[in-house]
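Fold and geometry: a report
These are the residues of each chain, in order.
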Amino acid sequence: MQGNSVGPEHNAILATADIARRGAREPDHAAENRALRMLATELENPDGDVLSRLCACAMELCAAHSAGVSLVEMDGFETVFRWYGIAGRWEKYRGGSMPRDASPCGTVLDRNETLLMDRPGQYYPRVAEADPAPMEALLAPFHLLGQPVGTVWVLAHDGTRHFDAEDVRLVESLARVAAAAYLARSEIRLALEARDEALRANDRLRRTNARLADKLDPT
């Protein structure tokens with residue numbers, strides 16, 4: 001479902017402009033490189049859970065209280081964001097979902113840009129219902145074939161943490177990894193579907209041959 005961009009009366013929750021005023025802390029390239037190498041290894045493992053690892057890396061690198069990866073998908077007739085990876089205080093919500101038009105991720109995909117939100121529960125009641133509610137949310141979109149399909153996000157649940165320009169850089173970097181993981185996940189799903197269809201076709205052929213053999217048997 002489209003059209004949940006924040007309207008003028010709700011612009012108070014958008015704090016992206018504050019990032020420039022906060023400046024940026026010094027990057028820890030060694031920690032970032034270790035995380036990216038680990039995620040690259042995880043991507044090569046067909047049984048790995050790269051999205052959960054990515055969330056743990058996002059939380060650590062950004063000193064966030066929670067971090068997650070949300071993918072847009074259909075749930076029956078409703079478009080939702082599914083939380084395929086979550087770390088930190090919101091880890092209990094792993095695998096849950098939120099309607100697209102009730103989620104900050106929907107606004108991020110509508111605008112197709114990284115956004116910082118201040119107390120997003122003021123505008124999104126479903127976010128306010130989560131425990132603990134976020135004080136700040138930094139969200140970056142990622143893309144497949146040029147289309148935004150999900151977000152990587154980090155949360156601060158109290159006033160002890162405020163995200164800066166370095167966090168924006170890190171989250172956007174991790175969003176590119178999430179895009180690679182999404183592509184790999186899609187390719188694996190298509191490969192499995194093709195395998196299952198081949199097995200079904202082979203079974204149909206076997207049963208057809210068996211029926212023909214019965215008809216041709218002169219005894």
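Preceding this paragraph is the structure being described.
What comes next concerns the included structure. Everything numeric here is computed off the predicted structure, so don't read it as measured data. (Residues numbered from 1 in each chain as written. Predicted model: local features only at pLDDT ≥ 70, side-chain atom pairs only at ≥ 80, totals over all residues. Heavy atoms only, no water.)

1. Focus: the overall build of the chain
Note the following rule: Secondary structure elements follow DSSP: runs of H or I no shorter than four residues count as helices, runs of E no shorter than two count as strands, and numbering proceeds from the N terminus. Note on classification: 1.4 Å probe, protein chains only; a residue is buried when its accessible area is under 20% of the maximum for its type, exposed when over 50%, partly exposed between these limits. We call two residues in contact whenever any of their non-hydrogen atoms come within 4.5 Å of each other.
Each helix and strand in the chain was counted, giving six helices and six strands. Each helix and strand of the chain, placed in order from N terminus to C terminus, yields the pattern α-α-α-β-β-β-α-β-α-β-β-α. Residue burial in the chain is summarised as follows: out of 219 residues, 42% are buried. Considering only residue pairs separated by 6 or more positions, the chain has 61% of its internal contacts joining residues 24 or more positions apart.

2. Describing the pattern of salt bridges
Just so we agree on the cut-off: The rule for a salt bridge is simple: a side-chain nitrogen of Lys or Arg has to be within 4 Å of a carboxyl oxygen of Asp or Glu.
A full pass over the atoms with the stated rule returns 15 salt bridges. The partner of aspartate 167 in a salt bridge is arginine 25, and the shortest N-O contact between them spans 2.9 Å. Of the two residues, aspartate 167 is situated in helix α6 (residues 165–216) and arginine 25 in the loop between α1 (18–22) and α2 (29–43); the sequence distance between them amounts to 142 residues. What makes arginine 25 partly exposed here is its relative accessible area of 29%. The salt bridge partner of glutamate 42 is arginine 53, with a shortest N-O separation of 3.6 Å. On the criterion of sequence distance, the pair formed by glutamate 42 in helix α2 and arginine 53 in helix α3 (residues 50–61) is long-range, its members being eleven residues apart.

3. Observations regarding the environment of arginine 94
Going by this rule: Residues adjacent in sequence count toward polar contacts only when both atoms are side-chain atoms; beyond that, a polar contact is any pair of N or O atoms within 3.5 Å, and within protein one must be able to donate a hydrogen and the other to accept it.
Inspection of the secondary structure assignment puts arginine 94 in the loop between β2 (78–88) and β3 (97–99). Sequence separation between arginine 94 and arginine 82 is twelve residues, and the spatial gap between their C-alpha atoms is 8.5 Å. If we skip the residues at most four places from it in the chain, arginine 94 touches Asp49, Ser52, Trp83, Tyr84, Gly85 and Ile86. One polar contact links arginine 94 to aspartate 49, side chain to side chain, over a distance of 2.9 Å.

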